[in-house]
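Understanding the architecture of this molecule
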Amino acid sequence: MSLKVLIVEDERIIAEDIRVTVQSIGYEVIGIADEGQKALDLLAQKKADLVLMDIFLKGELDGIDTTEKIRAVSNIPVVYLTSSFDPDILKRAKITEPYGYILKPLRKRELQINIEIALYKHKQQQKLEENRQRRNEELLAFNAMAKRLWQSIDRNQLFDYALDEFLKLEVVGKVTG
């Protein structure tokens, strides 16, 4: 099964270069979008395992806005592609928790490494989330069982038992002390 990648890049020559590079690494490109809304539309139609997202796009949505919309409806990892060193842009990008941030011009090996790290990180986060959900389910089941047990206990008998044990401790304490 080949990894499916969506490329979001508004410069056609760069987009084609990325497509060729991604395919040469062995991944399938499910589409190229030159605007944020087109990327969202493509993702609604096709499943992607990863999105390579240019930050500066034509249209109403830039890459960061588009990523926010993607993250609101799915858990697809996004790797940013940009030529910007602007700290304000980086600050906005970090808020979306990208799986990578690659400066242009892209180099094949750098792109490949970032894709592999993004996929690994995504897989590990999915495992952590599954474990967290399983623990929550186990805690809910334990709480329900404890509640049923508590409701079934004769509290007077429990109090008498606790009082007897407490008195034994008092007696043992006086005798040994």
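Since we're looking at a predicted model, the values are computed, not measured.

Locating threonine 82 in the fold gives a position in strand β4 (residues 78-82). Take threonine 82: its relative accessible area is 0%, and that puts it in the buried class. With near-sequence residues (within four places) excluded, threonine 82 lies in contact with Asp54, Ile55, Phe56, Tyr101, Ile102, Leu103 and Lys104.

Below, the discussion takes up unusual backbone geometry. The omega torsion across lysine 104 and proline 105 is 0 degrees, close enough to zero to call that bond cis. Along the chain, proline 105 turns up in the loop between β5 (100-103) and α5 (108-152). Here the phi dihedral of glutamate 97 falls at roughly 55 degrees; this positive angle occurs in a residue that is not glycine. Within the secondary structure layout, glutamate 97 lies in the loop between α4 (87-95) and β5.

Once that is clear, we can look at the packing of helix α2 (residues 36-45) against helix α3 (residues 63-73). For the pair α2 and α3, the least separation of the axes is 9 Å and the interaxial angle reads 25 degrees. The pairing of α2 with α3 is recorded here as roughly parallel in orientation. Taken as a pair, α2 and α3 cross one another with a handedness that is right-handed. Facing Gly36, Ala39, Leu40 and Leu43 of α2, the residues of α3 in contact are Thr66, Lys69 and Ile70. Across the contact of α2 with α3, the residue classes tally to 4 nonpolar, 2 polar and 1 charged.

Strand order in the open sheet formed by 5 strands is β2-β1-β3-β4-β5, with parallel pairing between adjacent strands. Two strands lie at the open edges of the sheet, namely β2 (28-33) and β5, each paired on one side alone. The sheet shows a mean angle of 20 degrees between the axes of neighbouring strands, taken without regard to direction. In this structure, strand β1 (residues 4-8) lies alongside β2, joined through 5 bridges in parallel fashion. Looking at β2, one finds that leucine 6 is bridged to glycine 31. On the sheet, helix α1 (residues 12-25) packs against β1, β2, β3 (50-54) and β4 and is oriented at approximately 170 degrees with respect to β2. α5 rests against β3, β4 and β5 of the sheet, and its axis sits at about 175 degrees to β5.

This part takes up α5. In an α-helix, one turn spans 3.6 residues, which is why side chains three or four residues apart end up on the same side. Here α5 contains 45 residues, and its C-alpha end-to-end distance of 66 Å stays within 8% of the 66 Å for a straight helix at 1.5 Å per residue. For α5, the set of buried residues is Leu111, Gln112, Asn114, Ile115, Ala118 and His122. Close packing links the buried residues of α5 with α1, β3, β4 and β5.

For the rest of this paragraph, the subject is the environment of glycine 63. Within the fold, glycine 63 resides in helix α3. Sequence-wise, glycine 63 and threonine 82 are 19 residues apart; in three dimensions their C-alpha atoms are separated by 9.6 Å. Leaving out residues up to four positions away in the same chain, glycine 63 has contacts with Met53, Asp54, Ile55, Leu57 and Tyr80.

Cut-offs applied
- Residues numbered from 1 in each chain as written.
- Predicted model: local features only at pLDDT ≥ 70, side-chain atom pairs only at ≥ 80, totals over all residues.
- Heavy atoms only, no water.
- Helix = DSSP H or I, 4+ residues; strand = E, 2+ residues; numbered from the N terminus.
- Buried < 20%, exposed > 50% of the residue type's maximum accessible area, 1.4 Å probe, protein only.
- Contact = heavy atoms within 4.5 Å.
- Axes fitted to C-alpha atoms, helices over the stretch in contact; angles between N-to-C directions.
- Parallel < 35°, antiparallel > 145°, perpendicular 65-115°, else oblique.
- Left-handed = near helix turned anticlockwise from the far one by under 90°.
- Nonpolar A, V, L, I, M, F, W, Y, C, P; charged D, E, K, R; others polar.
- Pairing = 2+ DSSP bridges.
- Expected span 1.5 Å × (residues − 1).

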